[in-house]
Amino acid sequence: ADVSVVTDSGVPSCQGLGSVDCSRGRIAQEVKGRWHVFPLPAPSGIGNLRDSIAVGVSCPNLRACIVAGDYDAASGPGAFIDVYGGARWTSHRLYVPRTMGSSPTIGAFSCPRSGLCLAVGHVTRNGQVRGFAAEWTAHGPSYTSIPSPPHASSLFPGWVSCPSSGHCVALD
């Protein structure tokens with residue numbers, strides 16, 4: 001394969017990885033038969049990164065891979081999306097509208113095709129944990145609240161599969 005990506009949260013061991021920072025998640029990327037290991041790129045503007053954990057990877061084609069996860073930094077906890085565009089990785093901070101809540105955490109994501117990804121997770125709002133979905137297209141992100149199930153105080157979506165835009169299944 002030209003490119004395949006796996007992630008590792010950095011726990012429990014970093015033996016054999018040389019100078020890779022083990023407090024951060026790592027990407028192991030195969031390019032033309034050679035494996036390269038490096039820390040997950042961190043979004044700009046978050047201050048000192050203390051920890052990052054990838055929750056998954058999706059590669060809709062050989063030139064497009066997305067890694068999503070959560071971080072703890074000087075600016076507080078948050079979520080990120082790292083994007084591989086065929087030449088290098090770039091990192092983006094996940095911003096949710098203030099009306100939805102704060103401290104987003106990604107539980108899972110799915111990219112059924114290049115240019116379309118959906119992440120599910122939770123935010124905190126007025127002391128309550130609430131589910132959310134974030135969809136990325138070429139036009140940018142859009143956000144939707146996921147209602148809590150009857151007789152439950154919160155929703156923690158942890159898996160999602162999206163065969164196309166507007167058609168997803170998420171599990172709590």
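Our subject in this report is the structure included herewith. (Residues numbered from 1 in each chain as written. Predicted model: local features only at pLDDT ≥ 70, side-chain atom pairs only at ≥ 80, totals over all residues. Heavy atoms only, no water.)

Quick word on the sheet that holds strand β7 (residues 89–93)
Taken in spatial order, the four strands line up as β4-β5-β6-β7 in an open sheet, and their pairing is antiparallel. Strands at the two margins of the open sheet, each flanked by one partner only, are β4 (49–61) and β7. For this sheet, the mean inter-axis angle between neighbouring strands, taken without regard to orientation, is 20°. Pairing of β4 with strand β5 (residues 64–73) involves nine bridges; the strand directions are antiparallel. The partner of Asp51 across the bridge, within β5, is Asp72. (Pairing = 2+ DSSP bridges. Helix = DSSP H or I, 4+ residues; strand = E, 2+ residues; numbered from the N terminus. Axes fitted to C-alpha atoms, helices over the stretch in contact; angles between N-to-C directions.)

Side note on the pairing of strand β6 (residues 76–84)
The element β6 is largely enclosed, with a buried count of seven among its nine residues. Relative to β6, β5 runs antiparallel, the two sharing nine bridges. The residue bridging Cys65 from the neighbouring strand is Tyr84, located in β6. The hairpin formed by β5 and β6 contains two residues between the paired strands. Sheet topology places β6 next to β7; five bridges connect them, and they run antiparallel. Looking across to β7, one finds that Phe80 is bridged to Arg93. The turn linking β6 back onto β7 is made up of four residues, and Gly86 within it adopts a positive phi angle of 100°. (Buried < 20%, exposed > 50% of the residue type's maximum accessible area, 1.4 Å probe, protein only.)

Some details on unusual backbone geometry
For Ser103, which is not glycine, the phi torsion reads 50° and is therefore positive. Structurally, Ser103 is set in strand β8 (residues 102–113). At Asn126, a residue that is not glycine, the phi angle is positive and equals roughly 50°. Here Asn126 lies in the loop between β9 (116–125) and β10 (128–137).

Re the pairing of β10
As paired strands, β9 and β10 are joined by nine bridges and run antiparallel to one another. Residue pairing in the sheet places Ala119 in a bridge with Ala134 of β10. From the end of β9 to the start of β10, which pair antiparallel, there are two residues, and Asn126 there has a positive phi angle of about 50°. Alignment of β10 against strand β11 (residues 140–146), held across seven bridges, turns out to be antiparallel. Note that in β11 the partner of Trp136 across the bridge is Pro141. Hairpin geometry of β10 and β11 is characterised by an intervening segment of two residues between the two adjacent antiparallel strands.

Some points on the sheet that holds β8
In space, the four strands of this open sheet follow the order β8-β9-β10-β11, with antiparallel pairing throughout. Single-partner strands in this sheet number two, and they are β8 and β11. Neighbour to neighbour, the strand axes of the sheet diverge by 25° on average, direction disregarded.

Notes on the state of the cysteines
All chains considered together, the criterion is met by two disulfides. In this model Cys59 forms its disulfide with Cys65; the gap between the sulfur atoms is 2.1 Å. Disulfide Cys59 to Cys65: torsion about the S-S bond roughly 115°, handedness right-handed. Between Cys111 and Cys117 runs a disulfide, and the two sulfur atoms are separated by 2.0 Å. (Disulfide = S-S within 2.5 Å.)

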